[in-house]
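So you can see what is in the structure, the chains are spelled out below.
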Amino acid sequence: MRATNLEYKFRFLLHAVIICLGFWAPWCHAFGWTRLRTWLVLSSLLSRSGLLSFIAATNAVLILAIVLITLGAWLRIWGASYVGASIVQSRGMHGDALLADGPYRRTRNPLYLGTILHIVGLAILMPPSGAIFCIALIWLLQVRLALAEEPFLTQQFGDPYVEYRKAVPRFLPTPTPQVPAAGRPAHWLQGFFGEIYMVGVVITFVVFGWNFNSMLMIRGVLISLGAWLVVKALLPRPKEPLPKETA
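Residues numbered from 1 in each chain as written. Predicted model: local features only at pLDDT ≥ 70, side-chain atom pairs only at ≥ 80, totals over all residues. Heavy atoms only, no water.

## Section: the nonpolar core
Stage number 1. With 63 residues, the main nonpolar core has Ile19, Leu122, Leu125, Met126 and Phe205 as its most contacted residues.
Stage number 2. Setting aside its immediate chain neighbours within four residues, Leu122 contacts Ile19, Phe23, Ile69, Tyr197, Val201, Phe205 and Val221. (Core = buried A, V, L, I, M, F, W, Y, C linked by side-chain atoms within 4.5 Å. Buried < 20%, exposed > 50% of the residue type's maximum accessible area, 1.4 Å probe, protein only. Contact = heavy atoms within 4.5 Å.)

Next up, the structure:
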């Protein structure tokens, strides 16, 4: 169930491939299925139920998506501000210090949780079958990545990490911190720019979502991705750790 070293190293590429397949949904072409966006399908289902008018249902789906991608962006920025944007984007695992600050006092994997929330919100722009495919595979990938890190961190920190793992849930955050703060400072600006893609998608949904133009929003997502790639190239790269067998 754990991700292999190769999966971990190329996790960003795997995310990109899965998301592209979710948007493209090539099986829709193969089987002659319609390529309606999930946004339209969900809005139609809500309006047909009699709970909301079609316009109100469309707004409700958009608002829910904005809430999810905003929460996802916040978790990613909050977590990256403590762990460091360059470490987040590193291909290898790092264990220089046991991190127990910020969101890591409530959930062991705020970055992965933020990604899942982001994908669920983003999926309204995909065809329904693509949305289901993307959400399922991204969720599975986050679990595999998290499981791959745990043996590495246990080896690095021993009993303190075991106790931390017992106190703090893997994904679902607790309402209150479960461990004392370790005193690590947050670097908010670095965290913000390191997650500029997430920020750009939030802005895209909030500003352009009310035009109800999926293609315009997809362009905004692509521009956000381009901005992230530029920032990623400018960020200082940490020294990669020696390879360790984690799966």
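Structure's up, so let's keep going.
## Topic: the packing of helix α5 (residues 54-83) against helix α7 (residues 110-122)
Stage number 1. For the pair α5 and α7, the least separation of the axes is 7 Å and the interaxial angle reads 155°. With respect to α7, the axis of α5 lies roughly antiparallel. In this structure, α5 crosses over α7, and the sense of that crossing is left-handed. Counting all contacts with α5, which are made through Ala65, Leu68, Ile69, Leu71, Gly72, Leu75, Arg76, Gly79, Ala80 and Val83, the residues of α7 involved are Pro110, Leu111, Leu113, Gly114, Thr115, Leu117, His118, Val120, Gly121 and Leu122.
Stage number 2. Here the contact of α5 with α7 is composed, by residue class, of 13 nonpolar, six polar and one charged. (Axes fitted to C-alpha atoms, helices over the stretch in contact; angles between N-to-C directions. Helix = DSSP H or I, 4+ residues; strand = E, 2+ residues; numbered from the N terminus. Parallel < 35°, antiparallel > 145°, perpendicular 65-115°, else oblique. Left-handed = near helix turned anticlockwise from the far one by under 90°. Nonpolar A, V, L, I, M, F, W, Y, C, P; charged D, E, K, R; others polar.)

## Points about the pattern of salt bridges
Stage number 1. In this structure the tally under the stated criterion is five salt bridges.
Stage number 2. In this structure, the salt-bridge partner of Glu7 is Arg144, at a minimum N-O distance of 2.4 Å. In this pair, Glu7 sits in helix α1 (residues 5-9) while Arg144 sits in helix α8 (residues 128-157), placing the two residues 137 residues apart along the sequence.
Stage number 3. When the shortest N-O distance is used, the salt bridge between Arg76 and Glu195 registers 3.0 Å. Taken together, the residues Arg76 in helix α5 and Glu195 in the loop between α10 (188-194) and α11 (196-208) connect sequence positions 119 residues apart. Considered together, Arg76 and Glu195 belong to a single accessibility category, that of buried residues.
Stage number 4. Overlapping salt bridges bring together Arg108, Glu150 and Arg170 as one network. (Salt bridge = Lys/Arg side-chain N within 4 Å of Asp/Glu carboxyl O.)

## A word on the packing of aromatic side chains
Each aromatic ring pair is summarised here by two numbers: the centre-to-centre distance and the angle between the ring planes.
Stage number 1. Under the counting rule described, the total for this entry stands at eight aromatic pairs.
Stage number 2. Ring centres of Trp74 and Trp188 lie 5.8 Å apart, and the angle between their planes is 5°; on these two criteria the pair is classed as stacked. Separated by 114 residues along the polypeptide, Trp74 in helix α5 and Trp188 in helix α10 bring together distant segments of the chain.
Stage number 3. A network of ring pairs unites the aromatic residues Trp74, Trp78, Tyr82 and Trp188 as a single cluster.
Stage number 4. In this arrangement the basic side chain of Arg11 is found over the ring face of Tyr8, its NZ or CZ atom lying 4.3 Å from the centre. (Phe/Tyr/Trp six-rings, centres within 6.5 Å; stacked < 30°, edge-to-face > 60°. Lys NZ or Arg CZ within 6 Å of the ring centre and 35° of its normal.)

## Quick notes on the confidence of the model for the protein
The predicted structure's coordinates, where accompanied by low pLDDT, should not be read in detail.
Stage number 1. On average, the protein scores 92 in pLDDT, and the residues at 70 or more come to 96%.
Stage number 2. Predicted confidence is poor over residues 242-247, with pLDDT under 50, and the contacts of this stretch with residues over four places away or in other chains come to 15 contacts. (pLDDT = per-residue confidence, 0-100.)

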